[in-house]
Structure formats: C-alpha cells, structure tokens
Amino acid sequence: MRVFLDLKWFFKQERKAYILGVFFLLLVACLQLVPPRIVGVVVDEIIENEITVASLLFWCGILVISGLAMYGLRYLWRIQIFGSAVKLARQLRETLYTHFTKMTSSFYQRKRVGDLMAHATNDLSAIQQTAGSGVLTLVDSLATGGSVILAMGFTISWKLTIIALIPLPLMALLTSYYGHLLHKKFRLAQEAFSSLNDKTQESVNGVKVIKTFGQEKEEVESFRDQAEDVVKKNVAVAKIDALFDPTISIIIGISYFLTIFFGSQFVMNGEMTIGDLVAFTTYLSLLIWPMLAFGWLFNIVERGSASYQRVSRLLEEVPEIVDLPGSIEETPSGEIELNIQSFSYPNETVHALVDINFTLKKGQTLGIVGKTGAGKTTLLKLLLREFEGYSGTLMVGGSSIREYKLEALRRAFGYVPQDHFLFSSTISENIAFARPDAAPEEIHKASQIASIHEDILQFPDQYETIVGERGVSLSGGQKQRISIARAILMDPEILILDDSLSAVDAKTEEEILSALKNNREQKTTIITAHRLSAIQHADLIIVLDHGRIVERGNHQALMAHGGWYKEMYLRQQLESLVEHGG
Ligand code: ADP
C-alpha cells in the first residue's frame, strides 16, 4: 500500500477532486444500505399481515429515490476520481518526456529504447490505475464493507454478524499472500514486455538488413520465442490473478452457510424475525463486491507500486551534463582553443583521445581525418559537450564550454551527424527544424547552399513533400544534404559536418564546399571526412590515429611532410582517375 503514500503529492495536488469523489463514494455506500433494510421491513409486514397499498407505495418510492440518487452519485465520483487519474498519467508522461530530453548520450547508451517505451506506456497506465481504480477499490471496500457490517450489527444482530464474519481473516491472509506472489510475477511480465518491445523496435528498424541477409525465418522464430516468453509470464500473472475471485466466492459461501445455519436458529428462538434474516442475507450479498474489490485492490496496488518504482528509478537518474550556476547566456563565438590531455568513455579503460591540442581562429576551417575509429567523432562530441570527464580544457571565445548555458552552446553549433535523421514530416519542416519561423526564402537559400534545392523542386509537392515512413524515400545523398541545409539555416557560429559529405559525388561536394565558403565568412567550420578532397582547403588539418594527432598542418604542409595524409591523398586521386577512366 506504500504506493498511496508515494502518490501523496498527487492526491494533495488534486485534493478537491479526491475529497469530492470519496465523499460521493461514501454517500453511495450509505444509500446502498437502504434497499435491503426495506426488503426486510416489507417481508415482516407481509408475515404480520400489516402490509397496505399505501405502505408498499411508500417503501417503493424510497427505493426509487435511493436508486436515482445512487445513479447520480456513482456518475459523479467516477468523473472526479477517474478524471484525476488521467491527469496523473498525463503529468507523469510529461515529466518523463522532459526527463528523456534532458538526459545525455551516456544515458541512452545504457538504456534500451524498448525499456524506455515500456516505462512510458505500460508503467504509466498501471500507475494511473492505482490513482483511479486503486483509490476506488480502497475506499469502496472499506466504506461499503464497513457500513454493511455496521448495519448488520446495529440494525439486526451483532451475534450473527460476528458468526458471518468468521471466515474473513482467512481471506485477508490469502489475498495478502497472493498479492505478494503477484508482485514478483508482474515484475517478470513487465520485464519480458520490455524485451519484446526492444526486439520489435530493433526488427522494424533493421528490416532491410534482415531481408538482405535472408534472415526473416530466424527473426520470426526469435520473435516468436520472445512473444512466447511474454505470454508465459503473463499467464503466470493471470493464474495468480484467477485465484482471487474463487477464493473470495468460497469465503462468501462459507459466510452464507454460517448465516443460514445459525440465523434460522435465531429466528426459531425468536431472537430475530424472518424479515431480519432476509435483510441480513441481502446485506451479506452486498459484502461480495467490497471483498472482491479488496482482492483487486491488492492486484492494482501491486502492479502500481512495481511500476511506480520503475518510473521513479528512471526519474532519479540525474543528467550528467547540466548548466553551472551563473553560466553565460551569450552564444559562444570566437577562437576555439582545445587542449585535451586524455578522455575515455564512461566505463572504458582505453583512452579514446590523448594529447589533442589546437587553436582555430574565428572564421577558419578545420579538417579532421584519420582511419575509422581514430577518434574523430569523439572529438566532436566533446566539443558539443555530449560527454565530459576529460582532463584538459576546451574553450570557445575565451571561456570554457562548461561555463556557457547548454542552450547557448547548442545555439552556437550547427551539427550534421554521420547518421542523419529526418522526421516524418515535410522537407520544409525538416529543414526549418531548429527555426520553425524561418521564411520560405531562407529555407530555399539554405537548400541552395546545400545543393539540394534543385532535387527538391523535382519532388511531387516540392518543399511540402512528406519524407520518411509516410512519404517519398530519399537517397542517402539527398538525406545528407537536407540535414546539411537544416544546419546551415541556423547560420551557426560553428558548423560541424561529421562525415556528412560521404554520400554525395565529388562535384556536388565541391559545390557545397564553395557555397559554404562564400556564405559563411567569419564563421568557423569543422569537417571530418574520409575523402580528403572535402578538407584539402581547410586552414588546419589534423590527422588522428588511435586518439592522437599524428600529423598536422595545411594541405601543402602535409603533402610536403609525406606521411599518411600524402599517401592517402595520392591514392584517392588515383582512384578517382581510374573511376573516371583516366
Ligand atoms: P571515428 O569517428 O574516427 O571513426 P570514433 O570517435 O567514433 O571514431 O571512435 C573512437 C573510439 O572510441 C573507437 O575505438 C570507438 O570504438 C570508441 N567509441 C566511440 N563511441 C563510443 C561510445 N559511445 N562508448 C564507448 N566507446 C566508444
């Protein structure tokens, strides 16, 4: 039941709705006592031959009025309590989503997407149930149960009430035992569901690879195994769940037996009237619902508390990279001074970067090259403050990047990642992602710089063409260029192209680079590339190998040096000559 304490903040926040809801529930509980009592009175009047049309009409009138009142009140408490529970889910969903957006790369490296989705869907709905049906069953089982027992005792017979309630402690014992079992099984079922979520997501994302390698059958089989596991674990939950109702029915059955057995003797002794016994058994039937509700309560609360724990644990994760107190609001601009002694990824022992230092003046272009895995992207990630934990300094415009507000830092960088991502919306919305208010002319200009404008004009709806799952499928090069246009539209102080020209041909690459040069005066550009033609005009080129700078200088200096750069450059020249039939 601790989950109700955990949710205290919410009940406080929605105090009015819950007080009203509970009040209406209590009224219904009281009104429910009326009909059985009337049945008892009418039965006695019949037996005593006292019944008249007038008295019958009177009792029927009261029955109708109490029925109508219960109808209205039941509607009202549902609105209050279930309505509030929906608000809880909404609030938690928003909190969770905001939390997700604050978390840094290392969080997403540790967590599986399927898990996060299970938290945001299944867990939240279990918590919502606790705040809705949980509160209902708690109040209702206590209020209805309590008032019925009091009515049986005070208005009929305490002796018979105590006899009828003898089996109750047994029920409490059994339901608490089942509840405990349920908690464990439910957690396992939720975990299996998370894994299935993961699997589905991965298979859908990787469907092209699966098909290309002809692995459909294996995939379907492994999916079936996981789905089977989810079924098995949910069946285990259902098996325990299924124990509740029969147990309660048996216990109520025993109560009925005891009531009839002893009640009829009391009637014969003259301790009770037949009407009393009829009213008593009708009251007993009113106890079935609160007892069932009590069983459900365990079920709902166990699920809710397991889910609340999972969501809380997730919300407790603090983002590692946050604004320092008094951080600079201005957009960073100016010289980049990088002096990193070493950096390793979290939980890794090997250094990903060692002794990296360079200075890049405002408006200059830096080219970073090197073999795959040399550390190029890592260097960019540090610059973007996606990871910290390096020794050394990383300054932009004379201040460490840690001293800037994260928002200001993000404004300074236009980043085109290697694995570009387009949303399932129009091309124009994709390009204007960081500046939704951009005028169409600005969007067209950015597209022209990125050499994608002409391509876009060929699409059926031009800039309004939907891309992604629901729209046209674009080539890798087109996607890359749309991502570049998106970054260019921000007109960032520092533009970063992380191997983002890999899928365009040499001619287009040249067009983009020269357009960038003409349109980004006094703005810094950083380019990583495998094709050296993309960086040969850079003011400074650094060659990385195993996280270290092994060569540096401009194109001429590196060619004169005669190392990896020269060898690579000549080889690529030769390849391009061969490609063009030279
Ligand atoms: P490049 O961009 O030059 O191909 P990266 O910067 O991506 O190279 O990778 C440099 C090294 O860091 C590689 O050995 C890679 O395995 C490792 N690495 C990259 N990203 C991570 C990460 N998120 N966690 C741990 N190691 C990583």
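From a predicted model like this one, the values you see are computed outputs, not experimental measurements.

**Here's the deal with the sheet that holds strand β1 (residues 336–343)**
For step 1, the next point in the chain: In space, the four strands of this open sheet follow the order β2-β1-β4-β5, with antiparallel pairing throughout. Lying at the two open borders of the sheet, with one neighbouring strand each, are β2 (353–360) and β5 (399–400).
For step 2, the next point in the chain: Sheet topology places β1 next to β2; seven bridges connect them, and they run antiparallel. Its bridge partner being in β2, Glu-337 is matched across the sheet by Thr-359.
For step 3, the next point in the chain: On the sheet, helix α13 (residues 376–383) packs against β1, β2 and β4 (391–396) and is oriented at approximately 115° with respect to β1.

**Considerations on the UniProt feature "transmembrane region" (unreviewed entry) in the protein**
For step 1, the next point in the chain: When the UniProt feature table is mapped to this numbering, "transmembrane region" (unreviewed entry) covers residues 56–77, 135–154, 160–178, 248–268 and 280–301.
For step 2, the next point in the chain: The annotated region residues 56–77 carries 100% helix and 0% strand content, and the separation between its end C-alpha atoms amounts to 31 Å.

**Focus on the domain arrangement of the protein**
For step 1, the next point in the chain: Domain boundaries assigned for the protein yield domain 1 (86–315) and domain 2 (336–579).
For step 2, the next point in the chain: With centres defined by C-alpha atoms, the gap from domain 1 to domain 2 works out at 53 Å.

**A look at the site of the ligand**
For step 1, the next point in the chain: By nearness alone, every residue bordering the ligand is listed as Gln-109, Tyr-345, Glu-348, Lys-371, Thr-372, Gly-373, Ala-374, Gly-375, Lys-376, Thr-377 and Thr-378.
For step 2, the next point in the chain: Within the backbone of Gly-375, a nitrogen or oxygen atom sits 3.0 Å from an oxygen atom of the ligand.
For step 3, the next point in the chain: Here Lys-376 contributes a backbone N or O atom positioned 2.9 Å from an oxygen atom of the ligand.
For step 4, the next point in the chain: Considering every element that reaches the shell around the ligand, the biggest residue donor is α13, with three residues.
For step 5, the next point in the chain: Residue composition of the shell around the ligand, grouped by class: two nonpolar, six polar and three charged.

**Notes on the packing of aromatic side chains**
For step 1, the next point in the chain: In total, this model carries 20 aromatic pairs according to the counting rule given.
For step 2, the next point in the chain: An aromatic cluster of three or more residues is present, and its members are Phe-4, Trp-9, Phe-10, Phe-11 and Tyr-18.
For step 3, the next point in the chain: In this structure, Arg-402 packs its charged tip against the face of Tyr-390, placed 5.0 Å from the ring centre.

**Some details on the UniProt feature "domain: ABC transmembrane type-1" (unreviewed entry) in the protein**
For step 1, the next point in the chain: The UniProt record annotates "domain: ABC transmembrane type-1" (unreviewed entry) at residues 19–303.
For step 2, the next point in the chain: Along residues 19–303 the backbone is 92% helical and 0% strand, and the end-to-end C-alpha distance reaches 24 Å.

**Some remarks on the side chain of Ser-141**
For step 1, the next point in the chain: With respect to the secondary-structure elements, Ser-141 resides in helix α7 (residues 113–156).
For step 2, the next point in the chain: Assessed through its relative accessible area of 7%, Ser-141 is described here as buried.
For step 3, the next point in the chain: Here Thr-137 takes part through its backbone oxygen, which lies 2.5 Å from a polar atom of the side chain of Ser-141.
For step 4, the next point in the chain: Contacts of Ser-141, omitting those with residues within four sequence positions, involve Leu-136, Gly-146, Pro-290, Ala-293 and Phe-294.

**Section: the environment of Gly-304**
For step 1, the next point in the chain: Relative to the helices and strands, Gly-304 resides in helix α12 (residues 274–316).
For step 2, the next point in the chain: Taking the C-alpha atoms as reference points, Gly-304 and Gly-134, separated by 170 residues in sequence, lie 8.6 Å from one another.
For step 3, the next point in the chain: Once residues lying within four places of it in the same chain are set aside, the contact partners of Gly-304 are Val-3, Ala-126, Ile-127 and Thr-130.

**What to know about the pairing of strand β10 (residues 548–553)**
For step 1, the next point in the chain: Strand direction decides the pairing type here: strand β9 (residues 540–545) and β10, joined by five bridges, are antiparallel. Residue pairing across strands places Asp-545 opposite Arg-548, the latter belonging to β10.
For step 2, the next point in the chain: With antiparallel pairing between neighbouring strands as the criterion, β9 and β10 make up a hairpin whose turn holds two residues, including His-546 at a positive phi of roughly 50°.

**Section: the packing of helix α16 (residues 440–449) against helix α18 (residues 476–489)**
For step 1, the next point in the chain: Packing of α16 against α18 brings their axes to within 8 Å, and their N-to-C directions diverge by 125°. The angle between α16 and α18 places the two elements in the oblique class. The hand of the α16/α18 crossing is right-handed. Note on element contacts: α18 touches α16 through Ala-485, Ile-488 and Leu-489, opposite Glu-442, Ile-443, Ala-446, Ser-447 and Ile-449.
For step 2, the next point in the chain: Here the residues of the contact of α16 with α18 are counted per class, giving six nonpolar, one polar and one charged.

**Considering the packing of helix α8 (residues 158–165) against α12**
For step 1, the next point in the chain: Viewed as axis vectors pointing N to C, α8 and α12 meet at an angle of 35°, and their least axial separation amounts to 12 Å. Crossing handedness for the pair α8 and α12: right-handed. Contacts from Leu-160, Thr-161, Ala-164 and Leu-165 in α8 reach Leu-277, Phe-280, Leu-284 and Leu-287 in α12.
For step 2, the next point in the chain: By residue class, the composition of the contact of α8 with α12 is seven nonpolar, one polar and no charged.

**Side note on the nonpolar core**
Side chains of nonpolar character tend, in soluble globular proteins, to be buried together.
For step 1, the next point in the chain: The biggest cluster of nonpolar side chains holds 43 residues, and the ones touching the most others in it are Ile-427, Ile-431, Leu-497, Leu-501, Ile-535 and Tyr-565.
For step 2, the next point in the chain: Ranked by residue count, the leading element in this core is α18, at six residues.
For step 3, the next point in the chain: Residues within four places of Ile-431 in sequence aside, it is in contact with Ile-443, Ser-447, Ile-456, Tyr-463, Ile-482, Ala-485, Arg-486 and Leu-489.
For step 4, the next point in the chain: In this structure, Leu-384, Val-396, Ala-412 and Ile-526 belong to the second largest nonpolar core, which totals 34 residues.

**So, the sheet that holds strand β6 (residues 413–416)**
For step 1, the next point in the chain: A sheet is described by the order of its strands in space; here six strands give the open sequence β6-β7-β8-β3-β9-β10, paired in mixed fashion. The open sheet has two free edges, formed respectively by β6 and β10, since each of these has just one partner strand. Geometrically, the sheet is characterised by an average inter-axis angle of 15° between neighbouring strands, direction not taken into account.
For step 2, the next point in the chain: Across four bridges, the pairing between β6 and strand β7 (residues 494–498) is parallel. Within β7, the residue paired with Val-416 across the bridge is Leu-497.

Calculation rules
- Residue numbers here run from 1 along each chain, matching the order of that chain's written sequence.
- Note on the predicted model: pLDDT of at least 70 is required for a residue's local features to be given, and 80 or more for side-chain atom pairs to be given and counted; whole-chain, interface and lining totals, by contrast, use all residues.
- Side-chain descriptors were evaluated using all non-hydrogen atoms of the structure, hydrogens and water having been removed beforehand.
- Between any two strands, pairing holds if DSSP finds at least two bridges.
- Comment: elements are numbered from the N terminus, with helices defined as DSSP H or I runs of at least four residues and strands as E runs of at least two.
- By the convention used here, residues are in contact when the closest approach between their heavy atoms is within 4.5 Å.
- Note on geometry: axes are C-alpha line fits, over the in-contact stretch for helices, and angles between N-to-C directions span 0 to 180 degrees.
- UniProt positions are given in the numbering used here, feature names are shortened, and annotations may be inferred rather than shown by experiment.
- Each domain's extent was defined by an automatic or database domain assignment.
- Any residue with a non-hydrogen atom lying within 4 Å of a molecule or strand is treated as near it.
- For this analysis, a polar contact is any N or O atom pair within 3.5 Å, provided that within protein one partner can donate a hydrogen and the other can accept it, and provided that sequence-adjacent residues contribute only side-chain to side-chain pairs.
- Polar here means any residue outside two lists: the nonpolar Ala, Val, Leu, Ile, Met, Phe, Trp, Tyr, Cys and Pro, and the charged Asp, Glu, Lys and Arg; Gly therefore counts as polar.
- Aromatic rings from Phe, Tyr and Trp, with only the six-membered ring used for Trp, were paired whenever their centres fell within 6.5 Å, and each pair was classed as stacked if the ring planes differed by under 30 degrees, edge-to-face if by over 60, and tilted otherwise.
- Only Lys NZ and Arg CZ are tested; either one counts as a charge over a ring when it is within 6 Å of the ring centre and within 35 degrees of the ring normal.
- The rule is simple: take the accessible area with a 1.4 Å probe, protein chains only, and divide by the maximum for that residue type; under 20% is buried, over 50% is exposed, in between is partly exposed.
- An angle below 35 degrees is read as roughly parallel, one above 145 as roughly antiparallel, one from 65 to 115 as roughly perpendicular, and any other as oblique.
- Crossing handedness is defined as follows: a turn of the near helix away from the far one that is anticlockwise and smaller than a right angle gives a left-handed crossing, while the clockwise case is right-handed.
- Throughout, nonpolar core names a set of buried Ala, Val, Leu, Ile, Met, Phe, Trp, Tyr and Cys residues whose side chains join them through atoms within 4.5 Å.

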